Amino acid sequence: MNNLNCKWAYNDLFIGTRNNVAMCCMQGQGWTAPDWNNISDINEWYATFEPFVKIRKEHAENIQNPQCKRCWTYENNNIASPRTRSKHLLELPYIPQIKNIEMRFSNKCNLRCRMCDANSSSQIQNLVEELRLNGISDNSYINDAITVSDFKNINTLLELILNCDTIETIELAGGEPFIMPEVEWLLQELINKNKTHLSIKFITNLTSTKPSVLKLLKQFKSIKIDCSIDGIKEHIEYQRYPVQWKTVERNLLYLYNNRGDNITMAFVPCISYLNLFGLPDLIEYAGKHCPDLSWGFNIVASPSYLDFRLIPLHHRTILFERIQNLDISFLPDYAQKIYSNFFNKTIYEYRNPTDIEKQELKDAIYFWDYKSSLKFLDAYPWAEELL
């Protein structure tokens, strides 16, 4: 029987833009955060919070709970999940205590990534609200609930974190952390409190490498920067609209060439049918310019209408030919196994879109094409078959 116990359920805390908490970002919205003013010991709360206790119990009983369905979907299809490839399995008994905390202070962002939503991007939120004011209502994308809220009791939470001796890593995402004033504030406060022994992780779209933030980061023991780069040139410029590849490339190479001993970096592409054909280009670029970086692997599962499996197989012929000679030998061993499995097996999978997905895609295209110089079907003419 598979071991479903996961270290994230015992060591990790996610605090999101909706005043919500979860064990990791893959659990989705999770649950409403407590009033931090009523918490005196964050580890005690973490160990006894009823939804977390229930999930740990389900894992121990080998029950695939719905909150962790993203990992179960990978694993049920014999694909390494974020849980398994990160070696986050564990043997009980294990004491729940926070070692890693991920904080998303707001949805402040400068992009409208196609797989994102208004709760994670202020740019999407602004455009959705504009369309609502214009009377557009019969559209599932525009009608999706906006539940983003101000970060509650940030100073109290900071004190709880500072007084928690088990925390080893603070992960900052968004939105885009390099442009959030709250992130800069937090880093300065940690430095003021002599907490530079902590490891800091950034998840960034690399549209900005604000000097004042970099100066603060370099004062910490170790920094990991996960680069949300899904491709190069047109492949990233559509999926992460309205990003400019030249900006991302400039910031990537600047960080790479000036990272120092305490900064590590990783490519973390999100694979959808919007960038699948450009994935070989990204790998070849990395092999030439940044061959020693780490690699992540994410298949876009939500929204499901971006699933790469929806690309008809006859449209992938050139891609299939190209990956036959794709050199991935420079990738770390763990990444070679993941990408080898993807290119040898998973990339050949196909499924038909559901009627719901077809309608959701039509609704999304209406939003994407609004105030966009590049229209969806001009960029992806084969996608006419999906509609």
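Up top you'll find the structure we're talking about.
Throughout what follows, the structure given in this document is the object of discussion.

So, how was this worked out
- Residues numbered from 1 in each chain as written.
- Predicted model: local features only at pLDDT ≥ 70, side-chain atom pairs only at ≥ 80, totals over all residues.
- Heavy atoms only, no water.
- Pairing = 2+ DSSP bridges.
- Helix = DSSP H or I, 4+ residues; strand = E, 2+ residues; numbered from the N terminus.
- Expected span 1.5 Å × (residues − 1).
- Buried < 20%, exposed > 50% of the residue type's maximum accessible area, 1.4 Å probe, protein only.
- Arc of directions from axis to C-beta.
- Contact = heavy atoms within 4.5 Å.
- Phe/Tyr/Trp six-rings, centres within 6.5 Å; stacked < 30°, edge-to-face > 60°.
- Core = buried A, V, L, I, M, F, W, Y, C linked by side-chain atoms within 4.5 Å.
- Salt bridge = Lys/Arg side-chain N within 4 Å of Asp/Glu carboxyl O.

1. Considering the sheet that holds strand 4 (residues 100–103)
Turning to step 1, where the next piece is worked out: The strand order across the open sheet built from nine strands is 3-2-1-4-5-6-7-8-10, with neighbouring strands paired in mixed fashion. Strands with a single pairing partner mark the edges of an open sheet, and in this sheet they are strand 3 (31–32) and strand 10 (294–295).
Turning to step 2, where the next piece is worked out: Across six bridges, strand 6 (residues 199–204) lies against strand 7 (residues 222–227) in parallel orientation. Following the sheet pairing, Lys 201 is matched in strand 7 by Lys 224.

2. Here's the deal with helix 15 (residues 333–344)
Turning to step 1, where the next piece is worked out: Taking 1.5 Å per residue, twelve residues should reach 16 Å; helix 15 reaches 16 Å between its end C-alpha atoms and fits that length.
Turning to step 2, where the next piece is worked out: When we look at burial in helix 15, the residues that qualify are Ala 335, Ile 338, Tyr 339, Phe 342 and Phe 343. Take helix 15 and look down its axis: the buried residues cluster within an arc of 125 degrees, on one side only. For helix 15, the exposed residues lying more than 90 degrees away from the buried face are Asp 333, Lys 337 and Asn 344.
Turning to step 3, where the next piece is worked out: Against helix 5 (82–85), strand 9 (270–271), helix 13 (279–289), strand 10, strand 11 (298–299) and helix 14 (317–323) lie the buried residues of helix 15.

3. Some details on the side chain of Gln 27
Turning to step 1, where the next piece is worked out: Inspection of the secondary structure assignment puts Gln 27 in the loop between strand 2 (20–22) and strand 3.
Turning to step 2, where the next piece is worked out: Setting aside chain neighbours within four positions, we find Gln 27 in contact with Ala 22, Ile 55, Gln 67 and Cys 68.

4. Quick look at the packing of aromatic side chains
Turning to step 1, where the next piece is worked out: Counted by the stated rule, this structure contains 25 aromatic pairs.
Turning to step 2, where the next piece is worked out: With centroids separated by 5.6 Å and ring planes inclined at 80 degrees, the aromatic side chains of Trp 295 and Tyr 339 adopt a geometry described as edge-to-face. Pair noted here: Trp 295 is in strand 10 and Tyr 339 is in helix 15, with a separation of 44 residues, a long-range link. Accessibility classification places Trp 295 together with Tyr 339 in one group, the buried group.

5. Observations regarding the nonpolar core
Turning to step 1, where the next piece is worked out: Of all hydrophobic cores here, the largest spans 123 residues; its most connected members are Ile 170, Tyr 339 and Trp 368.
Turning to step 2, where the next piece is worked out: Ignoring sequence-local partners within four residues, the contact set of Tyr 339 consists of Pro 269, Leu 279, Ile 283, Trp 295, Gly 296, Phe 297, Ile 328 and Leu 331.

6. Thoughts on the pattern of salt bridges
As a working rule, side chains carrying opposite charge can pair if their charged atoms are close by.
Turning to step 1, where the next piece is worked out: Counted by the stated rule, this structure contains 18 salt bridges.
Turning to step 2, where the next piece is worked out: Of the charged contacts in the structure, one is a salt bridge between Lys 54 and Glu 58, with a shortest N-O distance of 2.6 Å. In this pair, Lys 54 and Glu 58 are both assigned in helix 3 (residues 50–60), four residues apart and thus about one turn of the helix distant.
Turning to step 3, where the next piece is worked out: For the salt bridge of Asp 307 with Arg 309, the shortest nitrogen-to-oxygen distance reads 3.0 Å. For the pair formed by Asp 307 and Arg 309, the shared burial category is buried.

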